[in-house]
Amino acid sequence: MGMIMILLNLIGGIFLSAQSSINGTFSRKAGAIETTLLTLITGSMFLGVVIIFFGSGKILNIFDAPKWQLSAAFLGMLYMLLIIAAVPKIGVIATNIAAIAGQLIISLIIDHFGWFNSMVIPLDLNRAIALVFILVALYFIYKGNKRSNEENSA
């Protein structure tokens, strides 16, 4: 089951990068905020149809959830807006590596302290080294993007 989840998340990452690129390009015409709104409305309509046919029938449990858990929707919207705004400026790969680095940083903290009722997984040397490698990758990718842009401008 673990390998299936890894594969599904790998596919999700592919979809996310494709979406980032498409939304970043579209935002040049429509604007970042407008593109984010269109994406969220379209996704909500699609999920509404999926819920009708495949939902568990517990949609009203949203009102019973602790209020802090509802902040995830706002955080997701901010994430999408920031991704859409960044792609036209720094490119898809730099945007996604920066997002992954941010996810890893907070994930290491969440795991270490067990925040939000998550499993406690202490920060160790291997995890710290992995984070350093991601940050080094971000540096080189961003520098490469900058150099390519300068060469193309000349």
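Owing to the predicted nature of the structure, the values given are computational and were not obtained by experimental measurement.

Conventions adopted
Residues numbered from 1 in each chain as written. Predicted model: local features only at pLDDT ≥ 70, side-chain atom pairs only at ≥ 80, totals over all residues. Heavy atoms only, no water. Axes fitted to C-alpha atoms, helices over the stretch in contact; angles between N-to-C directions. Helix = DSSP H or I, 4+ residues; strand = E, 2+ residues; numbered from the N terminus. Parallel < 35°, antiparallel > 145°, perpendicular 65-115°, else oblique. Left-handed = near helix turned anticlockwise from the far one by under 90°. Contact = heavy atoms within 4.5 Å. Nonpolar A, V, L, I, M, F, W, Y, C, P; charged D, E, K, R; others polar. Expected span 1.5 Å × (residues − 1). Buried < 20%, exposed > 50% of the residue type's maximum accessible area, 1.4 Å probe, protein only. Phe/Tyr/Trp six-rings, centres within 6.5 Å; stacked < 30°, edge-to-face > 60°. Salt bridge = Lys/Arg side-chain N within 4 Å of Asp/Glu carboxyl O.

Right, let's get into the packing of helix α2 (residues 32–54) against helix α3 (residues 71–90). Running from amino to carboxyl end, α2 crosses α3 at an angle of 130°, the nearest separation of the two axes being 9 Å. Taken as axis vectors, α2 and α3 run oblique relative to one another. In the packing of α2 onto α3, the handedness of the crossing is right-handed. Where α2 approaches α3, its residues Ala32, Ile33, Thr35, Thr36, Thr39 and Leu40 are matched on the opposing element by Met77, Met80, Leu81, Ile84 and Ala85. Of the residues belonging to the contact of α2 with α3, the class tally is 8 nonpolar, 3 polar and no charged.

This paragraph deals with the packing of α3 against helix α4 (residues 92–113). Contact pair α3 / α4: the axes reach a minimum separation of 7 Å and the direction vectors enclose 140°. With respect to α4, the axis of α3 lies oblique. In terms of crossing hand, the pair formed by α3 and α4 is right-handed. Contacts between α3 and α4 involve Tyr79, Ile83, Ala86, Val87 and Ile90 from the former and Val92, Ala94, Thr95, Ala99 and Gln103 from the latter.

We now examine α2. Helix length check: α2 (23 residues) gives 32 Å between terminal C-alpha atoms against 33 Å at 1.5 Å per residue, within 8%. Within the span of α2, buried status applies to Thr35, Thr36 and Thr39. Check the buried side of α2 and you find it contacts α1 (2–30) and α3.

This paragraph deals with the environment of Ser20. Position of Ser20 relative to the elements: it lies in helix α1. Overall, the relative accessible area of 2% leaves Ser20 in the buried class. Residues Ser20 and Ile93, 73 residues apart in the sequence, show an inter-C-alpha distance of 9.6 Å. Apart from the residues within four sequence positions on either side, Ser20 is in contact with Ile83, Val87 and Asn96.

For the rest of this paragraph, the subject is the packing of aromatic side chains. Counted by the stated rule, this structure contains 4 aromatic pairs. Ring geometry for Trp115 against Phe116: centres 6.5 Å apart, planes inclined by 80°, an arrangement best described as edge-to-face. Taken together through their ring pairs, the aromatic side chains of Trp68, Phe113, Trp115 and Phe116 make up a single cluster.

Before going further, it helps to spend a moment on the pattern of salt bridges. Following the criterion strictly, the structure yields 1 salt bridge and no others. One salt bridge in this structure joins Arg127 and Asp111, with 3.4 Å as the shortest N-O distance. Of this pair, Arg127 sits in helix α5 (residues 125–153) while Asp111 sits in helix α4, placing them 16 residues apart in sequence. By relative accessible area, Asp111 is classed as buried at 19%.

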